[in-house]
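Architecture and fold: a report
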Amino acid sequence: MKYKVLLIDDEPSALEGMEMWIDWQELGFELCGTCGNGREGLQLMKQLQPDLVITDIHMPLMNGLEMIGEWRQEETDSIKFVILSGYSEFEYARTAISYGINHYLLKPVFPEEATEELREIRLELEQEANRRRIHETASGEEAAALIKGLLYGRKGDPELMDLLETLPGFRESEAWNICLIQTVPELYPEVRCKAVSLLAGCKAAVTMDLEAGLLGIVYGMTTGRGEDGGITEALDILLQEYGRANIHIAVGTQENSLLCIEDSYHRAKETLLHFFYEPEGAGILAYNGVQGNSFSYNYDHIGLMDALLDCVNLLDADGYRKALEAAARSFREQLVAPEVVRKFVIHLMYRILGVAPGAESAGEGHGPASSLEVSEIQQTMTPLSGLLSRLLSCGEKAIDLLVREQNYKSHGIVREINQYIGEHYQESLSIQKLAEIFFLHPVYLGQLLIKKNGMTFNEQLHHLRIQAAAVLLRESKLKLSEIAERVGYANYGQFLKRFEKEMHMGPNEYRHAKF
């Protein structure tokens, strides 16, 4: 860190000599300005805010000691002074001591003496800066602890309350407010550091950690001029840097006394809940903008839950999506409290998991009601649209799994039925008899066989019998009537008709044909 130095002397040669013959950069200083009298020096000190002023005593308009005396009366900022003079009279020394000045340089200035004196001054400046930082940190932490207690309804210790009066900007503040910054836990440390950095130049602003992922900023305001000490600008920068979807900022209500900040805090917390129904990127919400929009906590969810579960049980994905859309409209119209909706969603996801147990590990990623997904749903940053999106994914995964399981089961039962038909086609089989054997409805069984085999049960039965008859015609000398009976035809005429239809020739012609 470089400390700024202002040189004041009415002799141009003296100024030029100090500028040229002293290695300011090496000593940790930088020259910020020069002037030739005390009156001009006062103006430059206010404008340039130097850390060190080296001033001659005898100058026109206002001498160095008069300038220092007036500065001490008007300003409280700490500036170190070095007296530069060719005189060493007792009166000058006594006046300088009364102003707290204990560094002198005699004219003509020798670089070696000036270097030694400046090194000592730099060390003092560094020690004072460290003390200020420690004091500011300790005071800030004490103030944060005190104000945090006020937020939670604890009355402040009078001595600690007096501490607030010593903090920059607190005495001048005419009103108080609080803003809450909410973000996801993994972003919180970074957002907090950035917020503290942005607020470093804001007077009467105290930051404090509240609940997980929640940062509080209590700040003073000047109501007459409508100033908030730069808080709004800092919040806008935060939103631009991290994105409105990652940060929710809620502002409470303006209070005339810091002792009433608890009321503002509760209103800011209530305002945060309204992000649940806001579109992504809502930015900053103020209590005045949501006041009067009360949440509903008595929501009858049983009918809605049953409707959604019925869709899952009936494998009706389209109906499930429509039911969710109706739920979203209902939640918004009745302004159901976010925590009520979250409980409903989690409960429904576990119910769906009960209907489709294997869905927890189905597909890519996590299934419905996985511990990770439930944890995400419980996060207060997740809006209604995000919850319903997860619920939609959950239901669709479950329905897809149930459909695949049903297909697998139906494929397995058809395989068993086909095997049975293949072993008993010579007998008097019917779709009714098969339905009784396999405990299925005859209509459903008939449709299932058509879907899986590509033909009706009767077509399948006749196909098996005719193929078996063809083998017997080629490999035996049995009579046609005997073959018909053996493959399951009690009616010889039906056998002839079916054989010709499938083989495109009669049984005798087939027997004598050369293959």
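Quick summary incoming for the structure in this document.

Procedures and definitions
- Residues numbered from 1 in each chain as written.
- Predicted model: local features only at pLDDT ≥ 70, side-chain atom pairs only at ≥ 80, totals over all residues.
- Heavy atoms only, no water.
- Helix = DSSP H or I, 4+ residues; strand = E, 2+ residues; numbered from the N terminus.
- Buried < 20%, exposed > 50% of the residue type's maximum accessible area, 1.4 Å probe, protein only.
- Contact = heavy atoms within 4.5 Å.
- Areas by Shrake-Rupley, 256 points an atom, 1.4 Å probe, with all protein chains shown as cover.
- Pairing = 2+ DSSP bridges.
- Axes fitted to C-alpha atoms, helices over the stretch in contact; angles between N-to-C directions.
- Parallel < 35°, antiparallel > 145°, perpendicular 65-115°, else oblique.
- Phe/Tyr/Trp six-rings, centres within 6.5 Å; stacked < 30°, edge-to-face > 60°.
- Lys NZ or Arg CZ within 6 Å of the ring centre and 35° of its normal.
- Patch = residues over 30% accessible without salt bridge, like charges linked within 9 Å, V, L, I, M, F, W, Y side chains within 5 Å.
- Salt bridge = Lys/Arg side-chain N within 4 Å of Asp/Glu carboxyl O.
- Lys, Arg positive; Asp, Glu negative; His and termini not counted.
- Charge placed at Lys NZ, Arg CZ, Asp CG, Glu CD.
- Left-handed = near helix turned anticlockwise from the far one by under 90°.
- Nonpolar A, V, L, I, M, F, W, Y, C, P; charged D, E, K, R; others polar.
- Core = buried A, V, L, I, M, F, W, Y, C linked by side-chain atoms within 4.5 Å.
- Arc of directions from axis to C-beta.

Overview of the overall build of the protein chain
- A tally of regular secondary structure across the protein chain gives 22 helices and 10 strands.
- Within the span of the protein chain, comprising 515 residues, buried residues form 45% of the whole.
- Across the protein chain, the fraction of contacts at a sequence separation of at least 24, relative to all contacts at a separation of at least 6, is 68%.
- Roughly 27,800 Å² of accessible area belongs to the protein chain as shown, and the carbon and sulfur atoms make up 50% of that amount.

Quick notes on the sheet that holds strand β1 (residues 3-8)
- If you walk across this open sheet you meet the 5 strands as β2-β1-β3-β4-β5, and the pairing is parallel. At either margin of the open sheet sits one strand with a lone partner, and together these are β2 (29-35) and β5 (104-106). Each strand axis lies, on average, 20 degrees off the axis of its neighbour in the sheet, ignoring direction.
- Sheet topology note: the β1/β2 ladder contains 6 bridges and is parallel.

Topic: the packing of helix α19 (residues 457-475) against helix α21 (residues 492-503)
- Where α19 contacts α21, the two axes come as close as 10 Å, and the packing angle between them is 90 degrees. Classified by the angle their axes make, α19 and α21 are roughly perpendicular. Of α21, the residues touching α19 (which contributes His-462, His-463, Ile-466, Gln-467, Ala-469, Ala-470 and Leu-473) are Gln-494, Phe-495, Arg-498, Phe-499, Glu-502 and Met-503.

Some points on the environment of Pro-338
- On the secondary structure map, Pro-338 appears in helix α14 (residues 338-355).
- As a C-alpha pair, Pro-338 and Tyr-277 span 61 residues in sequence and 8.6 Å in three-dimensional space.
- In this view, Pro-338 contacts Leu-273, Phe-276 and Phe-295; residues no more than four positions away in its chain are not counted.

Some remarks on the packing of aromatic side chains
- Inspection of every chain in the model, using the stated rule, returns 11 aromatic pairs.
- Measuring from ring centre to ring centre gives 5.0 Å for Phe-276 and Tyr-277, while their planes differ by 90 degrees; the resulting arrangement is edge-to-face.
- Taking the relative accessible area as the measure of exposure, Tyr-277 reaches 11% and is therefore buried.
- Joined through ring pairs, the aromatic side chains of Tyr-489, Tyr-492, Phe-495, Phe-499 and Tyr-510 make up one cluster.
- Cation over ring: Arg-465 sits above Tyr-489, and NZ or CZ is 5.3 Å from the ring centre.

Observations regarding a negative patch on the surface
- There is a patch of like negative charges on the surface, built from Glu-112, Glu-113, Glu-116 and Glu-120.
- Counting through the fold element by element, Glu-116 comes out in helix α6 (residues 111-151).

Some thoughts on the packing of helix α12 (residues 302-313) against α14
- Following both chains from N to C, one finds α12 and α14 inclined at 30 degrees, their axes separated by 11 Å at the closest point. When the axis of α12 is compared with that of α14, the two are roughly parallel. As for how α12 packs across α14, the hand of that crossing is right-handed. Within the contact between the two elements, α12 uses Leu-304, Met-305, Leu-308, Leu-309, Val-312 and Asn-313 and α14 uses Phe-344, His-347, Leu-348, Arg-351, Ile-352 and Val-355.
- In terms of residue class, the contact of α12 with α14 is made up of 9 nonpolar, 2 polar and 1 charged.

Description of the nonpolar core
- By size, the foremost hydrophobic cluster in this structure holds 35 residues, and its most contacted members are Tyr-277, Tyr-320, Phe-331, Val-341, Phe-344 and Leu-391.
- Elements with a contribution of two residues or more to this core: α12, α13 (317-334), α14 and α16 (384-424).
- Looking at this core element by element, the count peaks at 9 residues for α16.
- With sequence-adjacent residues up to four places away left out, Tyr-277 is seen in contact with Phe-295, Phe-331, Arg-332, Leu-335, Val-336, Val-341 and Leu-384.
- Of all hydrophobic cores here, the second largest spans 30 residues; its members include Leu-429, Leu-434, Leu-445 and Phe-495.

As for the environment of Tyr-219
- If you trace the backbone, Tyr-219 turns up in strand β8 (residues 214-221).
- For Tyr-219, a relative accessible area of 6% corresponds to the buried category.

Observations concerning the sheet that holds strand β9 (residues 247-251)
- Spatially, 5 strands are ordered β7-β8-β6-β9-β10 in an open sheet, and the strand pairing comes out mixed. Where the open sheet ends on each side, the last strands, each with one partner, are β7 (205-209) and β10 (284-286). Going across the sheet, the axis of each strand differs from the next one's by a mean of 20 degrees, ignoring polarity.
- In the packing of helix α9 (residues 231-242) onto the sheet, contacts are made with β6 (175-183), β7, β8, β9 and β10, and the angle to β9 comes to roughly 160 degrees.
- Where helix α10 (residues 261-273) meets the sheet, its contacts fall on β6, β8, β9 and β10, and the angle it forms with β6 comes to roughly 35 degrees.

Examining the pairing of β6
- In terms of burial, β6 is largely enclosed, as 9 of its 9 residues are buried.
- Burial of the side chains of β6 extends over both faces: Ala-175, Asn-177, Cys-179, Ile-181 and Thr-183 are buried on one face and Trp-176, Ile-178, Leu-180 and Gln-182 on the other.
- In the sheet, β6 pairs with β8 via 8 bridges, with the strands oriented antiparallel. Bridge pairing links Ile-178 to Val-218 in β8.
- Relative to β9, β6 runs antiparallel, the two sharing 5 bridges. Bridging from a neighbouring strand, Ile-181 pairs with Ile-249 of β9.

Focus: helix α17 (residues 431-438)
- Among the residues of α17, Leu-434, Ala-435 and Phe-438 are the ones counted as buried. The buried residues of α17 occupy an angular sector of 100 degrees when projected down its axis, which confines them to one face.
- Where α17 ends, the next residue or the one after it, Phe-439, has phi of about 55 degrees, a positive value.

Some thoughts on the pattern of salt bridges
- Taken as a whole and assessed by the stated rule, the structure comprises 16 salt bridges.
- Linking Arg-267 and Glu-255 is a salt bridge whose minimum nitrogen-to-oxygen distance equals 3.2 Å. Of the two residues, Arg-267 is situated in helix α10 and Glu-255 in the loop between β9 and α10; the sequence distance between them amounts to 12 residues.
- Judged by relative accessible area, Glu-255 falls into the buried class, the value being 11%.
- A salt bridge links Arg-321 to Asp-318; its shortest N-O distance comes to 3.9 Å. With a gap of 3 residues between them, Arg-321 and Asp-318 both fall in helix α13, about one helical turn apart.
- Here the residues in one salt-bridge network are Asp-9, Glu-11, Asp-56 and Lys-107, joined through shared partners.

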